[in-house]
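Chain residues, written in single-letter form:
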Amino acid sequence: EQYELFLERSPQHPLAIAGIESCRLAEEWTNNPNEVIVTKIKSINSKQDDFCPAWSDQSYSSIIFTSAREASNGKNTDEWTGQKFSDLYITKCDNKGKWTEPVSIDENNIINTTGNEGAPVTNFRANRLYYTFCPDNEELFCGCKVYVARRDGQNWSDPKELKLSNDSTETLGHPALTSDELTIVFASSRPGGQGGKDLYFATRKSSGSDFGTAINLGQMVNTRGNEMFPSFKNDTTLYFASDGHPGLGGLDIYCVTIKNGIPQSLPVNVGAPLNSSNDDFGILFTPEADSGYFTSNRKGGRGGDDIYKFVVPPVEFTISGVVTDEKT
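Residues numbered from 1 in each chain as written. Predicted model: local features only at pLDDT ≥ 70, side-chain atom pairs only at ≥ 80, totals over all residues. Heavy atoms only, no water.

(A) Examining the overall build of the protein more closely. A count of helical and extended segments in the protein gives two helices and 22 strands. Scaling as 2.2 N^0.38, a compact globule of 328 residues should have a C-alpha radius of gyration of about 20 Å, and the protein matches this with 21 Å. Across the 328 residues of the protein, 48% fall into the buried class. Counting only contacts in the protein whose residues sit at least 6 apart along the sequence, the fraction spanning at least 24 positions is 46%. In the protein, 30 positive and 44 negative side-chain charges are present, and the distance between their average locations comes to 4 Å. (Helix = DSSP H or I, 4+ residues; strand = E, 2+ residues; numbered from the N terminus. Rg over C-alpha atoms; globule rule 2.2 N^0.38 Å. Buried < 20%, exposed > 50% of the residue type's maximum accessible area, 1.4 Å probe, protein only. Contact = heavy atoms within 4.5 Å. Lys, Arg positive; Asp, Glu negative; His and termini not counted. Charge placed at Lys NZ, Arg CZ, Asp CG, Glu CD.)

Now the structure itself:
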C-alpha cells in the first residue's frame with residue numbers, strides 16, 4: 001500500500017515498482033523454497049561482522065574472509081558499522097570437515113592495516129590476492145580502491161593499487177575476476193551510473209598489464225539501488241547482490257549470464273532459502289560441486305554478518321518399466 005501511494009506522487013518510479021513486485025514474489029518464494037540446505041558455521045563466525053569468503057588454495061580446503069572481530073588491527077571504530085575496521089582472515093578445513101580457528105592472513109601486517117580490508121578474491125593459482133582497501137586517514141580524502149598482492153609461500157608482497165580509475169576520490173571495490181584474470185567486475189558509486197553502487201567491467205590483454213576503461217554493465221543489471229559483491233561461476237555466470245531488483249528484502253543474491261561484458265538476460269533471484277528478508281550477499285561456489293558459502297545477517301546467526309554453507313542435494317530418480325528390443 002505504501003509503494004502504491006508513493007507511485008501516485010512519483011509515477012513509474014522503478015524502485016517503487018520493484019517494491020510492489022517484491023511484495024508479491026516474496027510470499028511465493030518463501031512458501032516455495034528451493035531444495036537447498038543452509039547450515040551455520042559456528043567455528044568461523046564471531047560476534048562481529050564476518051563476510052565475503054574466497055578460496056585460499058587450489059585444493060579448495062581453506063578460505064580467506066573479511067572480519068571485524070576484536071583481533072583486527074587498529075584502535076579506532078568504523079563510524080559506518082560501529083565495529084573495528086575489518087581485516088582479512090584465513091581458516092582451513094580438515095578431513096573431518098572441521099574449520100580451524102581463523103587467524104590473520106599475514107602476521108607481518110603487510111596486507112592488514114588500521115583501515116578496512118575486505119571482499120577478497122584470489123586468482124586460479126591462489127598466489128595473487130585482489131581485495132578492497134579503504135584507508136583510515138581523516139586528513140586525506142580518498143575512496144576505497146582495489147589492491148593486489150602476490151603470495152610466495154607464506155609471505156605476501158607489498159600490495160599495489162589496481163589501476164581502475166583516474167580519479168583518486170572515487171570509491172570502488174568488491175573485485176570479481178575470471179579464471180584467466182583478464183576480465184574484472186567491480187562495484188563503484190562513480191558519477192554517471194544508474195544510481196547507488198553499480199557494477200562495472202573492464203578487460204586487459206595479459207594478467208600483468210593494466211585494465212582498460214571500465215564500462216557500466218547497464219540498466220539490465222544496475223538499478224537506482226545498489227549492486228555489489230559480484231562473483232563469477234565458470235567465468236560466464238555472474239552472481240551479485242542487489243537491493244534494487246525485486247527481492248525478499250535487504251540485499252538479495254542474483255545471477256545473470258555475461259558474454260563479452262554484456263548481460264544476456266535479466267538477472268534471476270536465486271530465491272529462498274539462500275535469500276531472506278535480511279541482507280544476503282558474497283556467494284562463493286565450490287568448483288564442480290553444487291555447494292559453497294555465502295554471507296547473511298539473518299536471524300539466528302552469531303552476530304552481524306555471518307558466513308553460511310549451502311548444499312544443493314543431488315536429484316535422485318527411480319525408474320521402472322519394460323525394456324524391449326525394437327526388432328523383436
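After presenting the structure, the write-up continues.
(B) Seen up close, the pairing of strand E17 (residues 252–259). Of all eight residues making up E17, six are buried, and the element is well covered by its neighbours. Two strands pair when backbone bridges link them, and strand E16 (residues 237–242) and E17 are joined in this way by six bridges, in the antiparallel orientation. Counted as the bridge partner of Ser 242 is Asp 252 from E17. Relative to strand E18 (residues 262–263), E17 runs antiparallel, the two sharing two bridges. Residue pairing across strands places Ile 258 opposite Pro 263, the latter belonging to E18. Taken together, E17 and the strand that follows it, E18, pair antiparallel across an intervening segment of two residues, in which Asn 260 is found at a positive phi of about 55°. (Pairing = 2+ DSSP bridges.)

(C) Spotlight on the state of the cysteines. Taken as a whole and assessed by the stated rule, the structure comprises one disulfide. With its sulfur 1.9 Å from that of its partner, Cys 134 forms a disulfide with Cys 144. One disulfide, between Cys 134 and Cys 144, carries an S-S torsion of 110° and so falls in the right-handed class. On the criterion of sequence distance, the pair formed by Cys 134 in strand E7 (residues 128–134) and Cys 144 in the loop between E7 and strand E8 (145–152) is long-range, its members being ten residues apart. Judged by its relative accessible area of 16%, Cys 134 is buried. Look at Cys 144 and you get buried, because its relative accessible area is 18%. (Disulfide = S-S within 2.5 Å.)

(D) A look at the nonpolar core. Ranked by size, the top nonpolar core spans 14 residues in total, and within it Tyr 130, Leu 162, Leu 164, Leu 177, Ile 184, Phe 186 and Phe 211 carry the most contacts. Of all the secondary-structure elements, those providing two or more residues to this core are E8, strand E11 (172–177), strand E12 (183–188) and strand E13 (198–203). The contacts of Leu 177, once residues within four sequence positions are left out, are Val 121, Tyr 130, Thr 183, Ile 184, Arg 204, Phe 211 and Phe 232. (Core = buried A, V, L, I, M, F, W, Y, C linked by side-chain atoms within 4.5 Å.)

(E) Geometry of the pairing of E16. In terms of burial, E16 is a largely internal element, five of the six residues being buried. The sheet contact formed by strand E15 (residues 227–233) and E16 spans five bridges and is antiparallel. Directly across from Ser 231, in E16, lies its bridge partner Tyr 239. A loop of three residues connects E15 with E16, the two strands running antiparallel in sequence, and Asn 234 in this loop sits at a positive phi of about 60°.

(F) Representation of the sheet that holds E13 within the structure. Taken in spatial order, the four strands make up an open sheet running E11-E12-E13-E14, and their pairing is antiparallel. Where the open sheet ends on each side, the last strands, each with one partner, are E11 and strand E14 (215–216). As defined by bridge partners, E13 adjoins E14 across two bridges and the pair is classed as antiparallel. Within E14, the residue paired with Tyr 200 across the bridge is Asn 216.

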